[in-house]
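Architecture at a glance
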Amino acid sequence: MWSVVLLTVVLSFEYAATTKTNTRNGPSVRRNTSLPSIFDYIVLGGGIGGSVVANRLSASSQYTVLLLEAGTNVEDELSVSIPRNWMSNIPSSLSRNDLMGPNEPVVTYDISKRRLSSGKTLGGTSTINTQMYVRGNSLDYDIWAKQVGADWNYQNLLPYFKRVETSPRYAKNPTYHGSTGPLRLSPGGYEPPEDMLIVQACQALNMTFVEDWNGAQQIISPFGSVGFHEFTILNGTRQTAFGAYIRPVLNRNNLWVQDSSLVSKVNFDVSKRRAISVDWYDLETREAHTTSAKKEIIVSLGSLRSPQLLLLSGIGNTIELNKLGIPVIQDLPGVGENLQDHVITTGLWNVDSSSPFPMPPGSIINQAAWDLFNYNRTGILASSSSRTNVFIRTKFQPVNDSRPDIQVIIRTPNGNSLWALAYLLQPNSRGRVTLASRDPTDAPIVQMNYFSDPASHDVNTLMEGIRRVNQIFSTVPMHNSGFHSFSNLSDDIEFKNYLYGNKSSTANSNSGDHFTGTCKMGIDSIAVVDPRLRVRGIVGLRVIDASIMPFITSGNTQAPVYMIGEKGAQMILDDNNSTGTSAASSLHRSYNFSIVIIFYLVFYISTLIKQH
Ligand SMILES: Cc1cc2nc3c(=O)[nH]c(=O)nc-3n(C[C@H](O)[C@H](O)[C@H](O)COP(=O)(O)OP(=O)(O)OC[C@H]3O[C@@H](n4cnc5c(N)ncnc54)[C@H](O)[C@@H]3O)c2cc1C
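Residues numbered from 1 in each chain as written. Predicted model: local features only at pLDDT ≥ 70, side-chain atom pairs only at ≥ 80, totals over all residues. Heavy atoms only, no water.

**Comments concerning the packing of aromatic side chains**
Counted by the stated rule, this structure contains twelve aromatic pairs. A centroid spacing of 6.3 Å and a plane angle of 50° characterise the contact between Tyr133 and Tyr562, whose relative ring orientation is tilted. Of this pair, Tyr133 sits in strand β7 (residues 132-133) while Tyr562 sits in helix α14 (residues 558-578), and the two are 429 residues apart along the sequence. Taken individually, Tyr133 and Tyr562 each receive the classification buried, so the pair is uniform in this respect. For the pair Phe209 and Phe228, a centre-to-centre distance of 5.5 Å together with 70° between the ring planes defines the contact as edge-to-face. In this pair, Phe209 sits in strand β10 (residues 208-210) while Phe228 sits in strand β11 (residues 224-228), placing the two residues 19 residues apart along the sequence. With a relative accessible area of 31%, Phe209 lands in the partly exposed category. Site record: aromatic cluster; members linked through ring pairs are Tyr141, Trp144, Trp152, Tyr154 and Phe161. Geometry around Trp419 places Arg411 over its ring, the cationic atom sitting 5.4 Å from the centre. It is Lys567 that lies over the ring of Trp152; its NZ or CZ is 5.5 Å from the centre. (Phe/Tyr/Trp six-rings, centres within 6.5 Å; stacked < 30°, edge-to-face > 60°. Helix = DSSP H or I, 4+ residues; strand = E, 2+ residues; numbered from the N terminus. Buried < 20%, exposed > 50% of the residue type's maximum accessible area, 1.4 Å probe, protein only. Lys NZ or Arg CZ within 6 Å of the ring centre and 35° of its normal.)

**Some words on the pairing of strand β24 (residues 417-424)**
For β24, the tally of buried residues reaches seven of eight residues, placing the bulk of the element in the interior. One ladder, built from seven bridges, connects strand β21 (residues 344-350) with β24; its direction is antiparallel. Its bridge partner being in β24, Ile344 is matched across the sheet by Tyr423. (Pairing = 2+ DSSP bridges.)

**A few points about the UniProt feature "domain: Glucose-methanol-choline oxidoreductase N-terminal" (unreviewed entry) in the protein chain**
When the UniProt feature table is mapped onto this chain, "domain: Glucose-methanol-choline oxidoreductase N-terminal" (unreviewed entry) is found at residues 119-142 and 302-316. Helix makes up 47% of residues 302-316 and strand 13%. Its end C-alpha atoms lie 17 Å apart. (UniProt positions renumbered as here; feature names shortened; annotations may be inferred.)

**Some words on the site of the ligand**
The environment of the ligand is formed by 34 residues, the closest being Glu69, Thr125, Met132, Thr557 and Gln558. In the model, an oxygen atom of the ligand is placed 3.0 Å from a nitrogen or oxygen of the Ala546 main chain. Across the complex, the protein chains shield 96% of the 1,000 Å² of accessible surface that the ligand would expose by itself. Only α2 (48-58), β6 (115-119), β16 (261-269) and α14 provide two or more residues apiece to the shell around the ligand. Considering only residue class, the shell around the ligand consists of nine nonpolar, 19 polar and six charged. (Near = heavy atom within 4 Å. Polar contact = N/O pair within 3.5 Å; in protein donor to acceptor, adjacent residues only side chain to side chain. Areas by Shrake-Rupley, 256 points an atom, 1.4 Å probe, with all protein chains shown as cover. Nonpolar A, V, L, I, M, F, W, Y, C, P; charged D, E, K, R; others polar.)

**Here's the deal with the pattern of salt bridges**
For side chains bearing opposite charge, pairing can occur when the charged atoms are close. One pass over the full model with this rule turns up 27 salt bridges. With a closest N to O distance of 3.8 Å, Glu320 and Lys323 form a salt bridge. With Glu320 and Lys323 both in helix α9 (residues 318-323) and three residues apart, this pair spans about one turn of that helix. Assessed through its relative accessible area of 62%, Lys323 is described here as exposed. If you follow the salt bridges from partner to partner, you end up with Asp151, Glu296, Asp530, Arg532, Arg534, Arg542, Lys567 and Asp575 in one network. (Salt bridge = Lys/Arg side-chain N within 4 Å of Asp/Glu carboxyl O.)

**So, the environment of Lys162**
Following the sequence through the fold, Lys162 ends up in helix α5 (residues 154-164). Contact partners of Lys162, with chain neighbours within four places excluded, come to Pro174, Thr175, Tyr176, His177 and Gly178. Here the side chain of Lys162 touches Thr175 through a polar contact of 3.4 Å, landing on its backbone oxygen. (Contact = heavy atoms within 4.5 Å.)

**What about unusual backbone geometry?**
Its identity as a non-glycine residue notwithstanding, Arg273 has a phi of 55°, on the positive side. Here Arg273 shows up in the loop between β16 and β17 (274-282). With a phi close to 55°, Asn449 is a non-glycine residue in the positive phi region. Locating Asn449 in the fold gives a position in the loop between β26 (445-447) and α11 (457-473).

**Considerations on the confidence of the model for the protein chain**
With 82% of its residues at a pLDDT of at least 70, the protein chain reaches an overall mean of 86. Note on residues 1-26: pLDDT under 50 across the span, and 37 contacts to partners over four residues away in sequence or across chains. A low-confidence stretch, residues 581-593 stays under pLDDT 50, and its non-local contacts, those more than four residues away or across chains, total 14 contacts. (pLDDT = per-residue confidence, 0-100.)

In structure tokens:
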């Protein structure tokens, strides 16, 4: 009997030794105990997809979860938390700035525009993005569902969108909005005076005002709609995926968050076709590690890095892998293909200095703005720069497709002009991500191939989009407020020069920073993951991030990725429940069993003492 007591005491001590609470040590998020060599789940990448998954898997104490992230914790840095400061963080040490491929027509002459930014911190790109929160159009998901099954239609995804958010502004509409999710949404606080003017201008063009882009309907009039964004801003401060999903649960004993950790390879048990461990490099201690996963490895490195990791691990196009001498684990020719982005074009619309329109002269980010932010977390610095949003249907959108094909965002860069961006929402061009070398620290080659579709749908639609923006600025309300429209945008050749640039002028189109589709979900020949986000032909490996989208959604991409994280995590938990319980859970059960035995022994011994 005493051997049982001894065993339970030893087990209890061991359990306690591995479950010390997380300590925050400078910018790093690590524990003061050594990292175990095996976990139930390993999540790679602490961006939006990875943060959601790591939170949901570790919600049950029966699973041990490791989250590996290359960047660090910058949550409390002022440059991150000031919502309006997002533009200063690209490029910066917080972002990865990959170069576009060498033959990109759109930026051939303007080297400074050749950057593709993504976040390199805990929280990933949610740390540097513009914070607009749009789910996209419900038809986007219904089109996905036609390829991958009804699980992914909008009606069936709605519970996951709602699970993400707490949206006080739309609390009265529980059919479409959540009220208990980790991510707090808000209207952004600051209401620039020009916003109502844009609304009037759009209404003059028979566009309707939409109260809620994530509600029942996105496009109401056939011409398009105008409205205001929701943002991932809480009390005047940026909210990241790390801040919403990971920081509040850092005290979970079964969740380990290891930042400054660059993942370099997934290893396999080839005979079982199973992912079993991950190679990674500690950027702080400069040590190489291999950590094993009992159940699954989840790849959430974003659309430019998830395909890179799969390729480095031997999953991809056999011909390409052979060229680099990488042993092939699984031939999946679609890895890195199908890259989609919302290519944008931009323009500045100037206003007369004598304009009656009440725009403040000079820079709008002045001492008064700083004071408002410092003391109250209000004012222009406490907001993003892109409150007004217009969804447009151009003449190129087929009648039977009810989605907008252009999104327009209006920004105020300084006192005497408005800056408008037009995003091409459903591009036909496709880019690709390939390996530059076998070195995981080398950036992959990213060929965006903007405007490469043979029928020129993309360039024609974007030209039409910016013309429609010009129309908005030519309306009576804008004219009366002193705005000037562009005169040269009627001529197609002039316009193409404007978009592409030429030797004397810079290009006015660029990446929309919405990289998607490179580990496409589906069942076709270039699909990388199946509709349950499992890498095809491999056990124990999923991809859960923006890269799984078969088609890019019609709006900014963070809201869809939060949803994909929620949906993917639920799929893992459901699949696990249907295939039996884990070794971790049996350890947990034996721990509980030990406690019962101790109580029993104490009771038994005290009864014996009483009897004597
Ligand atoms: C400038 C900018 C503005 C944007 N604005 C908006 C907006 O206003 N609204 C909107 O909806 N969307 C916006 N987006 C897009 C949106 O933020 C992204 O679509 C979304 O964050 C993608 O999520 P993800 O999980 O796929 O990748 P990410 O959030 O990028 O996460 C990937 C994570 O993996 C980590 N990682 C990568 N490689 C490794 C490795 N080898 N080892 C370890 N870790 C690694 C990265 O550091 C990162 O933390 C913007 C994007 C940019 C760049």
